[in-house]
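The chain contents come next:
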Amino acid sequence: MRYLPLTDDDRKAMLKVIGAKSADDFYGDVPESARLGGQVAGLPDHQGELAVERHLSKLAAKNRSASSGPFFVGAGAYKHHIPASVDMVIQRSEFLTTYTPYQPEIAQGTLQTLFEFQTQVAALTAMDVANASMYDGSTACAEAAVMACRVTRRKKVILSGGLHPHYAAATRLLCEAQGLEVVHLPVAVDGEMALAEAVDDQTACVIGQSPNIFGTVTDLSAVADAAHEKKALFVSVFTEAVALGLVTPPGEMGADIAVGEGQSIGVPLGFGGPYVGLFACTEKLVRQMPGRLCGETVDADGKRGFVLTLSTREQHIRRDKATSNICTNSGLCALAFTAHMTLLGDKGLRDLALLNHEAACDLADALEAVPGVEIVTPRFFNEFAFRTPMNAEAVLAMLDEAGVVGGVRASRLFPAEHMGDVIICAATECTTPEDIAAYAAALKEIV
Amino acid sequence: MTMNTQGRPTAPTSTSVSDIETVSGSRGLLQAEGLIFEIGTSETTGVDLPAPKNRTGRLGGVARKVPTGLPGLSEPEMVRHYMRLSQRNYAIDLGFFPLGSCTMKHNPRLNEKMARLPGFGDIHPMQPQATVQGALELIDELATWLKTLTNMPFVAMSPKAGAHGELAGMLAIRQALIARGEGETRKRVLVPASAHGTNPATAVQCGFEVDEIKANARGRVDMDMLRAKLERTDDVAGIMLTNPNTCGLFETDIKEIADLIHAAGGYFYCDGANFNAIVGRVRPGDLGVDAMHINLHKTFSTPHGGGGPGSGPTVLSQALAPYAPVPFVVKNEDGVYSLVEDMDGEASESFGRMVAFHGQMGMFVRALAYILSHGADGLKQVAEDAVLNANYIAAKLKHVMTPAFEGYCMHEALFSDAFTADGIETLDIAKALIDEGYHPMTMYFPLVVHGAMLIEPTETESKATLDQFCASLESIARRAAQGDETLKGAPYLAPARRLDETRAARKPVLKWTAPEGETVAAE
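Since this is a predicted model, take the numbers as computed values, not measurements.

Colleague: Before we go on, may I ask you to explain the sheet that holds strand β4 (residues 203–209) of chain A in this structure?
Modeller: Sheets are built from strands that pair by backbone hydrogen bonding, the pairs being arranged parallel or antiparallel. Residue and element names in this part refer to chain A. Spatially, seven strands are ordered β1-β7-β6-β5-β4-β2-β3 in an open sheet, and the strand pairing comes out mixed. Single-partner strands in this sheet number two, and they are β1 (129–130) and β3 (181–184). The pairing of strand β2 (residues 156–159) with β3 spans four bridges and is classified as parallel. The residue bridging Val157 from the neighbouring strand is Val182, located in β3. Lying over the sheet, helix α6 (residues 137–152) contacts β2, β4, β5 (233–238), β6 (257–261) and β7 (277–281), oriented at roughly 165° with respect to β6. Where helix α7 (residues 165–177) meets the sheet, it contacts β2, β3 and β5, and its direction lies at approximately 155° from that of β3.

This is how it looks when you write it as structure tokens:
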């Protein structure tokens, strides 16, 4: 067995040192009825590397990769180009095969990258501080809601109708389990501002998204003002981190907490995970934050160094009184984010964001020219929704036959709404003029 | 004798390394390296993008006002930056990492290669299901392995990490109680004092109250206390128990515990963090478990990545399966795989959705590659070798350190600090191990053992490695017993000395800020 270094002679010698007859001796506490005679039945034996590679490659070949043709799916995960050097950095053994940096003397590599990550996320969102990452955007959103309830000692959370429905579901689940009330405003393409009307004296926070699930970008400053007037918090959500290079970031709108998905920068699509949740807030809320934080300090020689800090918020110290049950962050994905962000810099990020917006504008122009197609997203970054004269599911299936993966039907995201004719599509820097032409041509044939 | 390039022997000198100052701040191969904010500029970029046309027409004026100011680096600078930082990290690929309860085993590179196949790495979670049949099949295949290895009928694949899996299990219990009409009355969850901190934190996140049970002198659940706690039954939601437990011991009375909790009308959540000790040898479903998360990053060797991402599929009993979270994969009669995403039909009793999309696919690929490589025979050997290695360490060190409990351990050996002289702490022993070239063991956990030192070798270490480690630790333990004060200063040979954590917490500095008068330092 290629991963097991012990030889039979080793095992015998070790058993002798221990004074045991066989490995069975160690399992003496297992109840009789739960002892297996041999290995678990119904499962195959070990295989060589070649056989495993063949089997998995066969499964992989049954999937259509986003790079294999015109591809326009977004809705919370985006197809962006990842520089080769980013993947090389995260495959370095020293980052890949290490643990949470609880022993800072031999983890300064991880800790310094987390410190850089926190600084980058704070700058990107225009917030005071950021943590060292969450599982993903949806769980970050749920944690923000319960954090807001802790901070305000109120029990009502209001979600916009443009919030990603998976984020809304994850947030509702965690809140309701804790006895918190969740009000979900009616689903709307351009309805984020309704939060300003809905906030009241019982509200802990309002949660709005820009760009929202339909791609609509909105300056939510008035929502923040309305929330603050009622002493509630404003949680600003995004699912497309690249957008923040161009559109108004949470901090400029007066957000108290900013949460979002960082996948777009450095992390592959990977069928939905692992991704990296971004979580930032104002300075005064930092001690109520969930998740890990990395801070600067000095070592015994007075040299600058970094450590995990404020851990008295966390479960391994506070147990049932912790701010969250979270034990891991998304360390390696955070590193990918940081390495990619470091390649981009401010200029690269802004150019990348512009290229995304321009590709989406070109796509909108091309699709709008198809008779019967109506773009319903009024203002957008790199994603928008459009209405077709036919059932969206049928349109997407026919586009698929033409080799175009045309987007996500709104009815998959909102099964209870009557949105059977709406498709949400995204374009990025990976989208070529040929891809757009192929989409428009195929759509014209269909509708 | 070392030779220089002219072939002349170099002369030994008597200068101590600590006396040598360098202009650069580097120390030989250990290069000095600042933060990116100190070495990059906001005009530098390491990507070559086409020039944008600066069209912002459809943004509707919702535009960023203040630039991020973030610095960029060219590719060679970026690569060198992170390579230099990497040299300050300890890693499994570099050496022995006996961190108890964390299962730091070798991460096969085949798994990395498989996860990067475009058919897995470059597919979108919301693209049409007809175009991702291989991905759904892979999830189903891994699910089948997990269900069979645990003898449980259902597995929720979407939890993002171990603690998230705990949340899945406890939310399923909550939903089952609601379905029974007892959601408001059954709020008490029993949790041993030795549990991982995530257990009580998770219970509270789900609206439960934690009732702590103590360990007995053998490191197992105190059954008398448990029975006493279960005298009142109408408020009992369940128990959260780690098995093998955090003391590295199999819970001898586990079946009786399961029976007692079921008789009380509660459910049995088993924390599967230590599954590595029993995988392929004991099936938790045979022990009366109702829910158990499996840390793919522990037992099935997906890389820890400096603290995540993890993955925490959670197996559920027949009693809890109807309440499992969406989405999940089903195989239809025609052989087509589909995702159940909506809470109707077979998911009508589901407790809901925990997360966007379908779970940690990248970890599923790696875990399945690991599982197929081992097979049922190899996984059994994994557990046996992990347990053998731990007992070997326990046997070699019991004469110089203080075993916390008598008898054989499972996959990790636990010692208390009773053998140390006054003034020498577990922390000092841990830090001295760093100078010996090892990652320290887990320290001060579990909380039920004073100055706990928890050593988990895993099955991927050779006998020679264990022998060398035991020799190092034995020497340190003897120094600790003699009160050797030099231990207080360890580590001496690491990239950094002990760090001032008090200072970090008192006035937190959580991001880089430009020195006054500068926005980006290198501008």
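Colleague: Whenever I open this one, the UniProt feature "domain: Glycine cleavage system P-protein N-terminal" (unreviewed entry) in chain A confuses me. Can you help?
Modeller: UniProt feature "domain: Glycine cleavage system P-protein N-terminal" (unreviewed entry): in the numbering of this structure it lies at residues 1–438 of chain A. A distance of 50 Å separates the end C-alpha atoms of residues 1–438 of chain A, which is 36% helix and 13% strand.

Colleague: Explain the domain arrangement of chain A here, please?
Modeller: When the parts come together, some accessible area is lost, and that loss is often what is quoted as the size of the interface. All names here are of chain A. Taken domain by domain, chain A comprises domain 1 (66–81 + 345–446) and domain 2 (84–340). If you average the C-alpha positions of domain 1 and of domain 2, the two centres end up 27 Å apart. Taken together, the contacts link 28 residues of domain 1 with 24 residues of domain 2. For the side of domain 1 that touches domain 2, the secondary structure elements donating two or more residues are α11 (331–368) and β11 (383–387). When residues in the side of domain 1 that touches domain 2 are grouped by element, the largest group, seven residues, is from α11. Here the side of domain 1 that touches domain 2 is built from residues that sort into 17 nonpolar, six polar and five charged.

Colleague: What's the story with the domain arrangement of chain B in this structure? I'm lost.
Modeller: Residues and elements named next belong to chain B. Once the domains are mapped, chain B shows domain 1 (113–369) and domain 2 (380–506). Computed over C-alpha atoms only, the centres of domain 1 and domain 2 are separated by 31 Å. In this complex, domain 1 contributes 18 residues to the contact, which on the side of domain 2 involves 19 residues.

Analysis parameters
Residues numbered from 1 in each chain as written. Chains lettered and ligands numbered in written order. Predicted model: local features only at pLDDT ≥ 70, side-chain atom pairs only at ≥ 80, totals over all residues. Pairing = 2+ DSSP bridges. Helix = DSSP H or I, 4+ residues; strand = E, 2+ residues; numbered from the N terminus. Contact = placed C-beta atoms within 7 Å. Axes fitted to C-alpha atoms, helices over the stretch in contact; angles between N-to-C directions. UniProt positions renumbered as here; feature names shortened; annotations may be inferred. Domains from an automatic or database assignment. Nonpolar A, V, L, I, M, F, W, Y, C, P; charged D, E, K, R; others polar.

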